[in-house]
Amino acid sequence: MKRIIFIAAALAITTTVAHAGDPIIGNWKTELGDTAAIAPCGAGYCITLKSGKHAGKQIGTFSGKDGSYSGKITDPDANKTYDGSLTVSGSALKMKGCVLKVLCESQTWPRL
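For the structure given in this document, a descriptive report is provided here. Keep in mind the model is a prediction, meaning the values are calculated, not measured. (Residues numbered from 1 in each chain as written. Predicted model: local features only at pLDDT ≥ 70, side-chain atom pairs only at ≥ 80, totals over all residues. Heavy atoms only, no water.)

This model, assessed by the stated rule, comprises 2 disulfides. Here Cys41 pairs with Cys46 through a disulfide, and the sulfurs are 1.8 Å apart. Given an S-S torsion of about 70°, the disulfide between Cys41 and Cys46 has right-handed geometry. With relative accessibility at 28%, the residue Cys41 sits in the partly exposed group. Cys46 gets classed as buried once you look at its relative accessible area, which sits at 10%. Bridging Cys98 to Cys104, the disulfide has an S-S length of 2.0 Å. Its S-S torsion of approximately 110° makes the covalent link between Cys98 and Cys104 right-handed. Cysteine pairing for the protein (bonded cysteines numbered in sequence order): 1-2, 3-4. (Disulfide = S-S within 2.5 Å. Buried < 20%, exposed > 50% of the residue type's maximum accessible area, 1.4 Å probe, protein only.)

Next up, the structure:
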């Protein structure tokens, strides 16, 4: 029983450490000038708006690592959700959302 508890604790610590150094975590400035926070949630990452008229709204869920992520992104004004991808390079996050993988739009958010 002690061994199982030890293994579970070790896995929890490893998961926390892996998330802590991930380049996606942090605050980002959207194209509209709002602040979006990306933080670990579940097995991936969630994007929540921290300022602007949609403050407090979760607008994305992504999974991945090492600067490349995929998941879902929601346009808070239209309340429509799209397949998306994120890449982090230095202090820039490039986001791409697509409808049927044909019609795509991109944004680049700087790190705050």
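Now that the structure is up, let's keep going.
With that out of the way, let us pick up the layout of surface pockets. Remark: the empty space left among the atoms is shown by a probe the size of a water molecule rolled over them. Of the pockets and cavities examined, the largest pocket occupies roughly 600 Å³. In this structure, the largest pocket is lined by 25 residues; those nearest its centre are Ile73, Thr74, Asp75, Pro76 and Gln107. If you list the elements that add at least two residues to the lining of the largest pocket, you get β5 (68–75), β7 (92–99) and β8 (103–110). The element that contributes the greatest number of residues to the lining of the largest pocket is β8, accounting for 6 residues. (1 Å grid on protein atoms, 1.4 Å probe; cavity = no way out; pocket = protein on both sides within 12 Å on 5 of 7 lines; lining within 4 Å. Points joined across faces, edges and corners; volume = space filled by probe spheres on them. Helix = DSSP H or I, 4+ residues; strand = E, 2+ residues; numbered from the N terminus.)

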